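Listed below, chain by chain, are the residues.
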Amino acid sequence: MVRLLLLFALCALPALVSAHLPTGKPFFIKGRVYCDTCRAGFETTATTYIAGAKVKMECKDGDTLRVKYSLEVVTNENGTYEIMVEDDHEDQICECVLVSSPVTDCKVADEGRSKASALLTGYMNGVVNRKHIVNNMGFLKDQPLPGCPELLKTYFPTDEEQ
Ligand SMILES: *[C@@H]1O[C@H](CO)[C@@H](O)[C@H](O)[C@H]1NC(C)=O
């Protein structure tokens, strides 16, 4: 009997902590949205981070690829977004995509850097409230900043400089 009660207590505890949530293993996805001010295709020292950018997370069934879960979040003052995944979304493929930027001259998503994947399948087994950092996503500034050619040289030294 004691063993039964203990078992029940162990099972009931997570459910109590997250009373209104489905019985899952909540965890966090965290990433950042930036403005590629040099149109470099990657983050540079001149990169700025966008507050108020919208990011959508979509989870699809691993077999049918139908969308099972979708959520939109907005980045904070530092361009950071956090998504709490409340269910364990077993056998789902979740992906974050850029939706929009509030910066007028930095609204076009960099195709190569506009998605962040989080494969949730089998990920959370036994792990509660785990933080999962995904790759940052970026928009391209319409016109690169004046200092960009100089700056980019430091990333791609020419042959003479090597
Ligand atoms: C933004 O970054 C600053 C400096 O790192 C930090 O002190 C602040 O708490 C951050 N703001 C948020 C909302 O995370």
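An account of the accompanying structure is given in this report. (Residues numbered from 1 in each chain as written. Predicted model: local features only at pLDDT ≥ 70, side-chain atom pairs only at ≥ 80, totals over all residues. Heavy atoms only, no water.)

1. Observations regarding the side chain of Thr44
Next up, step 1: Mapped onto the fold, Thr44 is located in the loop between strand 1 (27-36) and strand 2 (48-49).
Next up, step 2: According to the relative accessible area criterion, Thr44 is buried, its value standing at 9%.
Next up, step 3: A polar atom in the side chain of Thr44 sits 3.0 Å from the backbone nitrogen of Ala46.
Next up, step 4: Excluding residues that lie within four positions of it along the chain, Thr44 makes contacts with Cys38, Leu151, Leu152 and Tyr155. (Helix = DSSP H or I, 4+ residues; strand = E, 2+ residues; numbered from the N terminus. Buried < 20%, exposed > 50% of the residue type's maximum accessible area, 1.4 Å probe, protein only. Polar contact = N/O pair within 3.5 Å; in protein donor to acceptor, adjacent residues only side chain to side chain. Contact = heavy atoms within 4.5 Å.)

2. What to know about the environment of Lys107
Next up, step 1: Here Lys107 lies in the loop between strand 6 (92-100) and strand 7 (108-109).
Next up, step 2: Separated by 31 residues in sequence, Lys107 and Gly138 have C-alpha atoms that sit 9.4 Å apart.
Next up, step 3: Apart from residues lying up to four places away in sequence, Lys107 is in contact with Ser101, Pro102, Phe139 and Leu140.

3. Some points on the site of the ligand
Next up, step 1: As a structural note, the neighbourhood of the ligand is formed by Asn76, Glu77 and Asn78.
Next up, step 2: Measuring from an oxygen atom of the ligand, one finds a side-chain N or O atom of Asn76 at 3.4 Å. (Near = heavy atom within 4 Å.)

4. A closer look at the pattern of salt bridges
Next up, step 1: Under the criterion given, the structure shown has 6 salt bridges.
Next up, step 2: Across the pair Glu43 and Arg113 runs a salt bridge whose closest N-O atoms are separated by 3.9 Å. Highlighted residues: Glu43 in the loop between strand 1 and strand 2 and Arg113 in the loop between strand 7 and strand 8 (115-119), separated in sequence by 70 residues.
Next up, step 3: The residue Lys153 makes a salt bridge to Glu150 at a minimum N-O spacing of 3.3 Å. Of the two residues, Lys153 and Glu150 are both situated in helix 2 (residues 148-153); the distance of 3 residues between them amounts to about one turn of the helix.
Next up, step 4: You can call Lys153 partly exposed: its relative accessible area is 40%.
Next up, step 5: We classify Glu150 as exposed; its relative accessible area is 54%. (Salt bridge = Lys/Arg side-chain N within 4 Å of Asp/Glu carboxyl O.)

5. As for unusual backbone geometry
Next up, step 1: Of note in this structure, Arg39 is not a glycine but carries a positive phi near 50°.
Next up, step 2: Tracing the sequence through the fold places Arg39 in the loop between strand 1 and strand 2.
Next up, step 3: A residue is classified by how much of its surface remains accessible, and Arg39, at 41% relative accessible area, is partly exposed.
Next up, step 4: In this model, Leu65 sits at a positive phi of 65°, which is unusual for a non-glycine residue.
Next up, step 5: Within the fold, Leu65 resides in the loop between strand 3 (54-61) and strand 4 (67-74).

Remember, this is a structural readout, not a statement about activity or role.
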